[in-house]
Amino acid sequence: MGQSGKSARDFLFNAQNLKRYKEAILQGLELVHRNIANSRKPFTGTHPHELAERFRDIDLDQSFSRDSEVLAEVQALYLDDAVYFHHPSYAAHLNCPVVVPALLGELIASSINTAVETWDQSAGATFIEQKLIDWTAGKIGLQKQADGVFTSGGTQSNLMALLLARDWFCAKRGHDIKTRGLPADFAKLRIFASEIGHFSLKKAAATLGLGYEAVIPVPCDRYFRMDPHALRREIKRCQDRGLLPMAVVSTAGTTDFGSIDPLPEIATLGHARGMWVHTDAAYGCGLLVSPKHRHLLRGIELSDSVTVDYHKSFFQPVSCSALLVSDKRHLSAVTYHADYLNPRNQLPEGTPDLVNKSMQTTRRFDALKLWLTLRTVGARNIGEAFDRVMHLTRQTYLLFLSDPSIEVIHQPQLSTLVFRFHPSRQHSEAVLDEVNASIRKALYRSGEALVAGTKVRGHHYLKCTLLNPAATIQDIQGVLKRIKQHGQEALAKQKTDHSVPVSLPDSYSLRRGMENARLHDL
Ligand SMILES: *Cc1c(COP(=O)(O)O)cnc(C)c1O
């Protein structure tokens, strides 16, 4: 059953159905318009079991006869309870509001449905992606032989970086992984990353056959940056045990604290020991175009590979990411010549087939939205928007610092702030854990403001991730007010607190104390 008397042919995107196309897009546009115009808060607070109810009786073997019914269903199942990242009270994860030209890019690229695999499927799209890769490599400061490819996200970029690192390292030792698989002594390979590096590095190590334990966590300094002395120590310890340090990963913008590892020191150290140097700038890549803070990435140009997530700090819709490498020859680790697709020497002059440097085959033309963004908004304005969220985060830090019921544990570096509700030293850590966890739950349930949570020293903290350049300190004041209200309510519920009062100093001196403490000592 379909819409009465129609076949799939009537729905195809082609010259005969352009009227339908235009109508459908306009209907979608109206729908989105209405939802954004009416959105009063970032979320309704629905619970999974409540929403699941609405899905229970849906039969996907049946279709509707009218478009209006289809859209009403999308409204009920999705848009009513969507989480709206554009809302100024959304301050939870690394999700950004998106710029309009990028949405135009999505529409065009999806309609034409270009797959950027081979030149014979994408032509100009190939050059658009390549030009953006070259541009990004230039911003990083990589040299002429640099190259890269768009990916689905930081997770895939990190996986690919570690794959290139592993294959390069083993090739140096005379073993070709691509054709022969892992070498006999593969279990000795080690990757070094900050103790608060992204979990995708461990997942990558597991996927690459090395296992989580191949990733050595390196302690951080008091600013949550990898300590190069500790790195040297950890590498030495591995070497002494006959292990094989193959790669070191710097994080330029940790997910929780926004901290940037000392890139030049780590790169120099890694290269001196024959290791691959990868920089995970999934979050910090916005600094590449920042008029004020580009210097924070000093040393990134020494990397062998760099992860960038345009869908985090370039205000792009997901997905939009890339992996850059300093030497394009490394990308051959993911090249496969298929007779049907990209045979060797396809044309006498060769063709630029992007599939030759991607882990994916059929791949979205995500580059177009970034292209439209740069050509409409401009790179400098994107950088200024990132500067603005960094500034808002500094204002937020001062606001929280001046509030006696809030404990802030770090000075922000990019646009995240980790803190907790800690109104008096009378409360035990157990109570604080419970209260802060319930603040987050209550906020989520109310949907009025969303913040994230994380653990520091095994305890519950709250985290604001500020990526909305349209948000103001007044918006954050509103969020803070709600945090404190829910905090007081949660405390009141803990009427009888028999546990031992916290033996830590009060929140003010704890804030100061953190300045002198090292994360791994806590
Ligand atoms: C978000 C993030 C990733 C993962 O990126 P996805 O695009 O979510 O796959 C990797 N590293 C860091 C530092 C991140 O913040």
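Scoring rules and cut-offs
- Residues numbered from 1 in each chain as written.
- Predicted model: local features only at pLDDT ≥ 70, side-chain atom pairs only at ≥ 80, totals over all residues.
- Heavy atoms only, no water.
- Pairing = 2+ DSSP bridges.
- Helix = DSSP H or I, 4+ residues; strand = E, 2+ residues; numbered from the N terminus.
- Axes fitted to C-alpha atoms, helices over the stretch in contact; angles between N-to-C directions.
- Contact = heavy atoms within 4.5 Å.
- Core = buried A, V, L, I, M, F, W, Y, C linked by side-chain atoms within 4.5 Å.
- Buried < 20%, exposed > 50% of the residue type's maximum accessible area, 1.4 Å probe, protein only.
- Domains from an automatic or database assignment.
- Salt bridge = Lys/Arg side-chain N within 4 Å of Asp/Glu carboxyl O.
- Buried area = accessible area lost by both parts, 1.4 Å probe.
- Polar contact = N/O pair within 3.5 Å; in protein donor to acceptor, adjacent residues only side chain to side chain.
- Nonpolar A, V, L, I, M, F, W, Y, C, P; charged D, E, K, R; others polar.
- Expected span 1.5 Å × (residues − 1).

Draft legend 1. Inspection of the sheet that holds strand β7 (residues 305-309) at higher detail. Pairing is mixed across the open sheet formed by seven strands, whose spatial order is β2-β8-β7-β6-β5-β3-β4. Of all strands in the sheet, those bounded by a partner on one side alone are β2 (147-151) and β4 (215-218). Each neighbouring strand pair of the sheet contributes to a mean axis angle of 20°, computed without reference to strand direction. Pairing between strand β3 (residues 189-194) and strand β5 (residues 244-251): five bridges, direction parallel. Bridge pairing links Ile191 to Ala247 in β5. Lying on the sheet, helix α6 (residues 124-140) is in contact with β2, β7 and β8 (321-325); it crosses β2 at an angle near 115°.

Draft legend 2. Spatial organisation of the nonpolar core. One finds Phe150, Val308, Tyr310, Leu324, Leu370 and Phe386 to be the most contacted residues of the largest nonpolar core, which totals 46 residues. Secondary-structure elements contributing two or more residues to this core are α4 (100-112), α6, β7, β8, α13 (367-376) and α14 (379-401). Shared between two domains, this core takes at least three residues from each, and those domains are domain 2 (140-362) and domain 3 (381-521). Setting aside chain neighbours within four positions, we find Leu324 in contact with Ile133, Thr136, Ala137, Ile140, Leu142, Asp147, Gly148, Asp304, Ser305, Val306 and Val308. Judged by nonpolar contacts, the second largest core, of 31 residues, contains Leu159, Met160, Leu201 and Ala247.

Draft legend 3. Layout of the pattern of salt bridges. A complete count under the given rule lists 25 salt bridges for this structure. Across the pair Asp185 and Arg173 runs a salt bridge whose closest N-O atoms are separated by 3.0 Å. Of the two residues, Asp185 is situated in the loop between α8 (177-180) and β3 and Arg173 in the loop between α7 (154-172) and α8; the sequence distance between them amounts to twelve residues. Among the ionic contacts, a cluster of salt bridges with common partners joins Glu106, Arg364, Asp366 and Lys369.

Draft legend 4. Examining the domain arrangement of the protein more closely. Partitioning the protein into domains gives domain 1 (13-42 + 44-81), domain 2 (140-362) and domain 3 (381-521). Taken over C-alpha atoms, the centre of domain 2 sits 32 Å from the centre of domain 3. On the side of domain 3, 26 residues touch domain 2, which itself brings 31 residues to the contact. Together, the buried faces of domain 2 and domain 3 total about 2400 Å²; carbon and sulfur atoms form 62% of this surface. Among the residues of domain 2 in contact with domain 3, Phe257, Tyr283 and Phe315 are the three that bury the most area, contributing 26% of the side total. Inspection of the domain 2/domain 3 interface yields one salt bridge. Along the contact surface separating domain 2 from domain 3 lie eleven residue pairs in polar contact (both at pLDDT 80 or more). Residues of the side of domain 2 that touches domain 3, tallied by class, amount to 14 nonpolar, nine polar and eight charged.

Draft legend 5. View of α7. Helix length check: α7, at 19 residues, gives a terminal C-alpha distance of 27 Å against a target of 27 Å (1.5 Å per residue), a fit within 8%. Of all 19 residues that make up α7, 15 are buried, and the element is covered over most of its length. Once α7 finishes, Gly174 follows within two positions and takes phi at roughly 85°, a positive value.

Draft legend 6. Layout of the environment of Leu208. Among the structural elements, Leu208 can be located in the loop between α9 (200-207) and β4. For the pair Leu208 and Arg166, spaced 42 residues apart in sequence, the C-alpha to C-alpha distance is 8.4 Å.

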